[in-house]
Amino acid sequence: MAVPLLDIKRQHAPIREEIDAAVAKVLDHGLFILGPEVKQLEEEIAKLCGVKHAIGVASGTDALMLALHACGVGPGDEVITSAFSFFASASVISRLGAKPVFVDIDIDTYNLDPGKLETAINSRTKAILPIHIFGQCAAMDEIVAIATRHNIKVVEDAAQAIGTEYKGKKAGSLGDAGCFSFFPTKNLGCGGDGGMVVTNNDELADMVRMLRVHGGKFEYLHEVIGYNSRLDTLQAAILLAKLPYLTQWTDGRRTNAAYYDKALSGLPLKTPVVSKDARHIYHQYTIAIEKRDDFIEHLKANNISSKVYYPVPFHLQKCFSDLGYHLGDIPNCEQASNTVVSLPVFGEMTEAERTEVVEVIKSFF
Ligand SMILES: *Cc1c(COP(=O)(O)O)cnc(C)c1O
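Just so it is clear, the model here is predicted, and its values are computed rather than measured.

Asks: So what's going on with the environment of V308? Which residues, and what values?
Replies: Locating V308 in the fold gives a position in the loop between helix 10 (292-301) and helix 11 (331-339). The exposure class of V308 is buried, given its relative accessible area of 17%. Along the chain, V308 and V79 lie 229 residues apart, while their C-alpha atoms are 26 Å from each other.

Asks: Give me the packing of aromatic side chains: which residues, what numbers.
Replies: Applying the stated criterion across every chain yields a total of 17 aromatic pairs. Relative to Y310, the ring of F84 lies with its centre 6.1 Å away and its plane at 80°, an arrangement referred to as edge-to-face. Of this pair, F84 sits in the loop between strand 2 (78-82) and helix 5 (88-95) while Y310 sits in the loop between helix 10 and helix 11; the two residues are 226 residues apart in sequence, bridging distant segments of the chain. Across the pair, exposure class does not vary: F84 and Y310 are buried alike. Measuring from centroid to centroid gives 4.9 Å for Y260 and Y285, while their planes differ by 45°, and the two rings are tilted. Taken together, the residues Y260 in helix 9 (residues 246-264) and Y285 in strand 11 (residues 285-288) connect sequence positions 25 residues apart. Each member of the pair, Y260 as well as Y285, is classed as buried. Over the aromatic face of Y259 sits the side chain of R354, whose NZ or CZ is 4.5 Å from the ring centroid.

What counts and how
Residues numbered from 1 in each chain as written. Predicted model: local features only at pLDDT ≥ 70, side-chain atom pairs only at ≥ 80, totals over all residues. Heavy atoms only, no water. Helix = DSSP H or I, 4+ residues; strand = E, 2+ residues; numbered from the N terminus. Buried < 20%, exposed > 50% of the residue type's maximum accessible area, 1.4 Å probe, protein only. Phe/Tyr/Trp six-rings, centres within 6.5 Å; stacked < 30°, edge-to-face > 60°. Lys NZ or Arg CZ within 6 Å of the ring centre and 35° of its normal.

If you want it as structure tokens, here you go:
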């Protein structure tokens with residue numbers, strides 16, 4: 001039996017009429033740019049995260065870009081992040097003219113290790129960008145405490161973590177600003193690109209709202225040099241249709257993860273480690289295994305899809321070679337890149353599919 005890594009069509013099928021109706025409504029009213037659905041979605045996401053402001057933008061990447069820009073990050077500044085994430089977590093720092101400073105991760109959670117932060121901070125450090133990788137929050141209390149002590153901002157990359165919790169608080173509400181992505185493969189995905197910045201800070205919210213419309217509050221009056229980065233009304237409408245099902249889909253992922261945890265225990269591989277402070281929403285169910293590439297070949301030969309997120313850490317990427325890092329500099333990120341693989345965990349998986357994945361894994365050993 002072939003098992004895909006993700007099947008979005010299966011997620012949409014039972015709610016297709018609701019999505020179609022939402023799209024038709026936008027085509028009828030014609031308010032494609034910052035229409036009523038965008039405002040409504042912003043209110044819903046703000047409520048979900050327990051924050052004052054949510055601002056729809058064109059992508060998760062732009063959410064990070066605009067949030068950092070609003071925090072004042074620019075040329076001469078440094079921003080600290082982990083070297084193990086999707087490319088956008090680091091590229092936005094460079095694109096703002098600032099310098100990314102990479103610190104190592106905790107090898108159990110793959111999240112930024114707060115113990116390694118302090119030595120990376122200096123007078124140029126403007127912000128810390130923790131990533132809630134795979135759907136589990138980073139050690140935010142420790143990170144925020146260090147940032148507060150040094151008077152620097154914390155922008156959460158919560159692209160993989162919508163609705164997840166840390167000590168009972170929602171991802172995105174833990175730092176100065178939080179950034180979400182609605183890329184189709186994310187836990188809450190739209191029909192293209194989309195993103196959102198959330199914050200409790202009125203000034204940051206004001207600035208992000210200006211930045212997304214060319215840097216002004218009033219048409220043709222520009223206070224700062226901004227962007228064209230709005231969440232499309234059509235995408236907001238699709239997201240509004242899908243949002244009521246997010247909890248159910250997350251529960252499905254958590255059920256599948258719990259099944260794997262149990263079925264794979266005792267095998268020579270490492271199942272996801274969940275911090276006692278976190279509620280994991282399993283954007284990815286990522287295991288670590290020594291003969292990773294042979295393992296992937298075995299899965300492939302048995303029609304089980306899997307994927308390595310992420311095979312090359314930032315400090316070893318060609319585009320960041322001018323930062324002067326070398327192999328061996330950030331060992332846990334390198335170890336993660338060499339040993340992790342993510343398994344199918346999407347909420348619509350059948351029991352037969354789950355069982356098949358486990359059987360194929362067992363047959364590898
Ligand atoms: C997906 C993702 C992004 C970028 O989001 P886009 O909507 O694709 O621009 C940023 N950071 C992380 C951790 C992601 O997973």
